[in-house]
Amino acid sequence: IMLIVPLAVYFRQPDAAQIERFWSPLGKVVAVLFDLTVAASVWMLLPYASEPLQLLMVIFYSAAISGQVVATAESTGTIAFGVIAVFGSAALFFFQSETVYANSLAIFLLAFGALMIGTGLVLKHAIRTAITQRLRAEAMSADLADALAATHAERDARTRFIAAASHDLRQPLQAAMLFFR
């Protein structure tokens, strides 16, 4: 599902209304289902894994949530759900575990989760600011193009006026020169 949905969006090239109405909610549902699956894997896999494999799974969880933060930056609710479901579940597992690094891993997961939520908020703000600035730049560019067109029109009008005035002033002079020859 996580491969099919992005590929479908890529190949279908939906417009903004379709994305907002259908694809964005579908993406959120896929993200929540992924988070629930990963959170369940904490309790289904970690109890039976060796300590090195548990550390590897923590890296996987961190990568999964980091990818989700980037993919769903506009949806801080989805990010918060993923962080709480995955990192909260893993932190609870490690707080109950008796391995050497269990408490350190649990604290790391909680801190990294807070960092991911903060990163999601910053990313959302940065995306919205970039969109606002782009729209502002496009509006300014359109205003500049209008002003430039008006300036060219004024210049052309002045050029025509000077050419006509020059012609009108030269006519009597040329007539006088012909008269005195």
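Rules behind the numbers
- Residues numbered from 1 in each chain as written.
- Predicted model: local features only at pLDDT ≥ 70, side-chain atom pairs only at ≥ 80, totals over all residues.
- Heavy atoms only, no water.
- Helix = DSSP H or I, 4+ residues; strand = E, 2+ residues; numbered from the N terminus.
- Polar contact = N/O pair within 3.5 Å; in protein donor to acceptor, adjacent residues only side chain to side chain.
- Buried < 20%, exposed > 50% of the residue type's maximum accessible area, 1.4 Å probe, protein only.
- Salt bridge = Lys/Arg side-chain N within 4 Å of Asp/Glu carboxyl O.
- 1 Å grid on protein atoms, 1.4 Å probe; cavity = no way out; pocket = protein on both sides within 12 Å on 5 of 7 lines; lining within 4 Å.
- Points joined across faces, edges and corners; volume = space filled by probe spheres on them.
- Nonpolar A, V, L, I, M, F, W, Y, C, P; charged D, E, K, R; others polar.
- Core = buried A, V, L, I, M, F, W, Y, C linked by side-chain atoms within 4.5 Å.
- Contact = heavy atoms within 4.5 Å.
- pLDDT = per-residue confidence, 0-100.

Looking at the side chain of Ser 75
Line of reasoning, step 1. Its location among the elements puts Ser 75 in the loop between helix H3 (51-71) and helix H4 (76-96).
Line of reasoning, step 2. Separated by 2.5 Å, the side chains of Ser 75 and Thr 78 make a polar contact.

Quick look at the environment of Tyr 101
Line of reasoning, step 1. Residue position: Tyr 101 is located in the loop between H4 and helix H5 (102-179).
Line of reasoning, step 2. You can call Tyr 101 partly exposed: its relative accessible area is 46%.
Line of reasoning, step 3. In this structure the C-alpha to C-alpha distance between Tyr 101 and Ser 166, which are 65 residues apart in sequence, comes to 93 Å.

A word on the pattern of salt bridges
Line of reasoning, step 1. Applying the stated criterion across every chain yields a total of 4 salt bridges.
Line of reasoning, step 2. Here Glu 138 and Arg 134 are joined by a salt bridge, their closest N and O atoms 3.0 Å apart. Linking Glu 138 with Arg 134, this pair stays in helix H5, spanning 4 residues, or about one helical turn.
Line of reasoning, step 3. Accessibility expressed as a relative area gives 41% for Glu 138, which makes it partly exposed.
Line of reasoning, step 4. The partner of Arg 158 in a salt bridge is Glu 154, with the nearest N and O atoms 3.6 Å apart.

What to know about the layout of surface pockets
Line of reasoning, step 1. There is about 660 Å³ of room inside the largest pocket.
Line of reasoning, step 2. As for the largest pocket, its lining consists of 19 residues, of which Ser 24, Gly 27, Lys 28, Ala 71 and Thr 72 are closest to the centre.
Line of reasoning, step 3. For the lining of the largest pocket, the elements supplying multiple residues, two or more each, are helix H1 (4-12), helix H2 (16-45) and H3.
Line of reasoning, step 4. Examining the composition of the lining of the largest pocket, we find that 8 residues originate from one element, H2, more than from any other.
Line of reasoning, step 5. Taken together, the residues that form the lining of the largest pocket break down as 11 nonpolar, 6 polar and 2 charged.

Quick word on the nonpolar core
A general tendency of soluble globular proteins is for nonpolar side chains to be buried together.
Line of reasoning, step 1. Counting residues in hydrophobic clusters, the biggest one holds 22 residues, and the most contacted among them are Leu 46, Tyr 61, Ile 65, Phe 87, Phe 94 and Met 116.
Line of reasoning, step 2. Here the element with the most residues in this core is H4; it accounts for 8 residues.
Line of reasoning, step 3. Here Leu 46 is in contact with Ser 41, Gln 54, Met 57, Tyr 61, Phe 93 and Phe 94, once residues within four sequence places are set aside.

Examining the confidence of the model for the chain
Line of reasoning, step 1. Confidence in the prediction of the chain, expressed as mean pLDDT, is 91, and 100% of residues score 70 or more.
Line of reasoning, step 2. The least confident element of the chain, judged by mean pLDDT, is H1 at 87; the most confident is H4 at 95.

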